[in-house]
Structures are given as C-alpha cells and as structure tokens.
Amino acid sequence: MTYAITQTCCNDATCVAVCPVNCIHPTPEERAFGSTEMLHIDPRACIDCGACADACPVDAIFPVDALSVAQREYADINAAYYEGGEPAPGTTEGPNFHAWGEPVFGRSLPSDFGPLRVAVVGTGPAGMYAAQDLLLHTAAEVTLIDRLPVAGGLVRYGVAPDHPATKKVGDTFSRFHSHPRVRMHLGIEVGRDVTAEELAAHHDAVIYAVGASTDRRLGIPGEDGPGCLSATSFVAWYNAHPEAVAQGVDLSAERVVVVGNGNVALDVARILVADPEALAGTDIAAHALEALRASRVREVVVLGRRGPEDAAYTRSELLALKHLPGVELVVDDHDPRTGAAIDAAGAGDRAGLLRGLARVRTGAAAPTTAAGAARRIVLRFHSEPVEILGDGDVRTVRVTDGGGGAADLAAGMLLRAIGYRGLPVPGLPFDEASGTVPHEGGRVAGLPGGYVVGWIKRGPSGGIGANRTCAAETVGTLLADAVAGTLPAPTGDAKAFRRLARRRNRRVVDARGLAAIDRAERDRGRRDGRPRVKLATVEELVATARAGRLLRLSR
C-alpha cells in the first residue's frame, strides 16, 4: 500500500523533510518546485511508513486504498508525475534509506550573537512562516502586528469555508501566538497608528507581510455599477471579514458571471451553487449562509480569456467541481477551438480533464440544467467581457464570442476574479507596475532593516505553502545582514513599543485577547454544530478580547 497526495496540498514541503526514502517530489531544491500544482508521491519508492501523512499540516495525504471516490483520481495523478522517470536512488550502505547531503544551516546566527528583536507586520501565512523560521532557528524576539484585531490573514479570510483541511495550517501557526518570545499587537496599522520609522526605531528589523489586498480591474463600461463586485470582496464577505460585513450581496438573479479562470474564480463559483446545508457545517459567515439559503442563483458562467489548455486553475480545484453534489459542470462550445482543444488533449493535460462533460450554449435565455441537477457551472473559454449593461444594476454582460463578434449573457451579478494587487505601505518604496515593494532577496531597497515576504514581495502568485520558501529566503537575508553588522541599532525597547502602540490605539488585542476570541467563536460553533461561528465586526472582536482578558485576570 502506498500513499498519495490529494487536492488540499499546500506545497510547503513539510512532507519532503520527513520522508525517509526521498519519494516526494519536487523538493525545494529542484527546479520544478513552486511551478507544479502540488507535490507527488512516487508509488514505486513509497514504503508505506506514513511519516508524510503525520507531518502534513493540511491533511492532504492518505493511503491509496483509503481514498474516497472523489479522490481516487489522485492516485493516478501522483503516479503519472513519475511516468518515464526512475524512482529516487537509494543506498544500502548504512542505516539510512537514501543518501543525505551535507547539513546546511543557512538561517542561524553564531552562538555568541545576542537575540534580535524583529517585528513581523501581517499574521497570514507569509508572516507566520517568517516568524516560525525565526523562532525555531534563532533566539529572536518577535513582535506580531496586524491591522485587524484578530490573526490569520489569508487562512482566516481567504480560504474557502468548504476547504476545512486547508485551514488546518492555521493550527500550525497558532501555536506560535503564545510563544514566550512573541509579543502580539493586533489592531495596529502601520501608517495609521504607528509609522514605519517608529516601528523600525523599536526593532532590529521589520518584516512586512501585508499581502496583496486589492484586486485588478476589468476597465470596461459599467464596471462601477451595482452588482459588479470583485471576487476579493465577495470572498471577504462569505468569510466574515470585518470590512466586508456591511456590504450586502444580492443573490436574487438566476445567473452570475465570474470573470477569470483561476482557483479564486472556481472558489466563488462553487460557493454560489453549493448546497447551503452542506456549507452549514463549515465556518462560513452567518450572514452569508443566510443569504445563500435564500439565493435564486442557478447558474454560474465562468469566463476564461484563453482556451482550456491554458486555464489558470489547478487540476485539483477542477476535479472538486466535477464531484459537487447536485451541480452539473458543463462546457460552453460557442468557439470551435474549445472542443478541439479538449478532444486533442492527453489524459494528464488540463484540457483533458474536461473530456466527457456536456457541451452547451449560453446566451440571453434563462439558464437550464440537466435532470437531477439543481444548479450548474458553465466553463466558457475564449471569451471576455466588453461591457456591463443595465438600468442601475447588472442585467446583461456583453462578451466576446470568439469569432470577432459579441454575445449577450443575461445575468444579475458579475464577479471579477482576474488577480490580486498589492497596495503601497506608508514609508516603503513601491513599484506601481508590479504592485510590489522593490527588494533584493527580501531586503527592501534603500531601507536598512526593512524586509518583505509573501505577495507584497513576489506578487500574487503561489499558494499558502509557497510562502515557506519565500520566508526562508527573506529570513536568510535578514540574518546575513545581522551577522554583517548592517542592521541599524534600535533606540527603543519592547516595553516602549508596547506603550506607544497602546497610546495610539486603545483597542489593541494581545495573545490573551486572541485566545478569548478563539474560545468564543468555538463555543458559538458548538451550539450550532459548526467548527466555529466567526465574530464578524471589529467591535465584536475587540469586546470579546477584552471580556475574555478581564475574566482571566479576575480569577
């Protein structure tokens, strides 16, 4: 019996580090690492030890014979990665199953080096991988800062609620929230409450992990009207982001158009047509669940500018759509290039996964579904929007038809999911073209002691696990600068920064307050049979943190 990696793979390569026979590839040292959709286990070399499954932070690894019906394809996907190649070489000399290279300690400090005080701005995956690296490899003291009064970033507010296994990586990060060398200041925004200069004055180094919090625009007529939303705001809405709760989402139309064909586009399409009662067992926002229960949406049309062979979504996310109960997945064949690409594709090609799906035509008419399917998702390739029409709201989306003309799709909402973009950080340089902070190996250009990690560093590419190697590079650069003596000396200490933060913002949440929020949300979830019910406003989060902290102090 061998193991296989499935759709929730986060690519952080924790499994690679523990495999005794080097049967998981690509490894961080290999050229393909970071460009493959997921990691793969070689069934010829796997010895069924289960070490990878134990180490996986997102529960993505299972014995092949234990895979569910929806996951059985992953045994073939893992094996296909190694077709035509040889299994990893082994050795019979000594107790090890395979030869190990010389140990490398690239992210460490000399034993006589004093502890650094490092601030990490942002508590999403990028920031927490950086903090974890510092805490595990050095004696550094870490200050965690986030503009929201709760930690989590992308894990809390970006991962779809029906992907609970992916959210489990948050448990790995949360164990560092109460680490004895960590100080937490949540609800503090750089540029509003403290300046970058003040932050630098109290720390040896500052790592900015602020992500890419806005989205790219379509630039077409009608885009600014009601009913046209960014996927960024829609995802934030159903994940109970405090800044998205107030905006209502109108789900009274039968058809929604989603522009883009990456994983985020498939996420929002899936949530729109999923059975609300299935979502009731997740941590989806209560207001979103109520709206989805009353939703009239029956069809989501996903527009892709290019063909199915060039789709940006991963195979694993597409396979998940094929197994969504009560939902029909079809392909719009308005353009002959779409069907030709699917028919010519190999079994392992992205377009080949669409073989066998029904082919339909969408247009101005109301949506229809096949017998036994309550709702459907239509993948329409070689098509992009050119105009949004309506009297005060979305009524029609005019799209290209592949032949140089245009077609009209009756729709009541349009969601754009064509990519994220970073925003400037006050006090840091910014590249408007790329939406990133200029850097060299994570070192901010022209700002000694300033560093970046994650999407604000490399642009909005790569999933959660990609931040692990990104953080390793940035931390390595920081430590090299520390050894070289190029870090500016701070003028204030940790206590002085704490006083400064609380003087500027009386609603700062610390680690005990965060723990109180977590307990309250889990308690609410237990009453409703859910993993947690999120507190959805800043006021609720801060009040719960304060109440929990006062309760503990009174005992």
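Residues numbered from 1 in each chain as written. Predicted model: local features only at pLDDT ≥ 70, side-chain atom pairs only at ≥ 80, totals over all residues. Heavy atoms only, no water.

**What about helix 13 (residues 315-322)?**
Right, so step 1: Of all 8 residues that make up helix 13, 6 are buried, and the element is covered over most of its length.
Right, so step 2: Among all positions of helix 13, only R315, S316, E317, L318, L319 and L321 are buried.
Right, so step 3: Buried-residue contacts for helix 13 involve strand 3 (40-41), helix 3 (73-80), helix 10 (263-273), strand 13 (327-332) and strand 15 (375-380). (Buried < 20%, exposed > 50% of the residue type's maximum accessible area, 1.4 Å probe, protein only. Helix = DSSP H or I, 4+ residues; strand = E, 2+ residues; numbered from the N terminus. Contact = heavy atoms within 4.5 Å.)

**Overview of a positive patch on the surface**
Right, so step 1: Together, K495, R499, R503 and R506 make up a positively charged patch on the protein surface.
Right, so step 2: Within the secondary structure, R503 is located in helix 17 (residues 494-504). (Patch = residues over 30% accessible without salt bridge, like charges linked within 9 Å, V, L, I, M, F, W, Y side chains within 5 Å. Areas by Shrake-Rupley, 256 points an atom, 1.4 Å probe, with all protein chains shown as cover. Salt bridge = Lys/Arg side-chain N within 4 Å of Asp/Glu carboxyl O. Lys, Arg positive; Asp, Glu negative; His and termini not counted. Charge placed at Lys NZ, Arg CZ, Asp CG, Glu CD.)

**Observations regarding helix 3**
Right, so step 1: For helix 3, the set of buried residues is Y74, A75, I77 and N78. Projected down its long axis, helix 3 carries its buried residues within an arc of 165 degrees, all on one side.
Right, so step 2: Elements in contact with the buried residues of helix 3: strand 1 (3-5), strand 3 and helix 13. (Arc of directions from axis to C-beta.)

**Quick notes on unusual backbone geometry**
Right, so step 1: Backbone torsion omega between H25 and P26 reads -5 degrees, so that peptide bond is classified as cis.
Right, so step 2: Considering the arrangement of structural elements, one finds P26 in the loop between strand 2 (24-25) and strand 3.
Right, so step 3: Positive phi outside glycine occurs at N22, with the angle close to 55 degrees.
Right, so step 4: Topologically, N22 is positioned in the loop between helix 1 (14-18) and strand 2.
Right, so step 5: What makes N22 partly exposed here is its relative accessible area of 24%.
Right, so step 6: For H382, which is not glycine, the phi torsion reads 50 degrees and is therefore positive.
Right, so step 7: Of note, H382 is situated in the loop between strand 15 and strand 16 (385-389).
Right, so step 8: Assessed through its relative accessible area of 11%, H382 is described here as buried.

**A few points about empty space enclosed by the protein**
Empty pockets left among the atoms are what a rolling probe the size of a water molecule brings to light.
Right, so step 1: Counted according to the given criterion, the structure contains 2 cavities of 30 Å³ or more.
Right, so step 2: Space inside the largest cavity adds up to approximately 70 Å³.
Right, so step 3: As for the largest cavity, its lining consists of 13 residues, and the residues nearest its centre are C9, C10, D12, C15 and C56.
Right, so step 4: Residues of the lining of the largest cavity, tallied by class, amount to 10 nonpolar, 2 polar and 1 charged.
Right, so step 5: Roughly 60 Å³ of volume is contained in the second largest cavity.
Right, so step 6: Lining the second largest cavity are Y3, C19, V21, C23, I24, C46, I47, D48, C49, G50, A51 and C52. (1 Å grid on protein atoms, 1.4 Å probe; cavity = no way out; pocket = protein on both sides within 12 Å on 5 of 7 lines; lining within 4 Å. Points joined across faces, edges and corners; volume = space filled by probe spheres on them. Nonpolar A, V, L, I, M, F, W, Y, C, P; charged D, E, K, R; others polar.)

These figures capture arrangement, not role.
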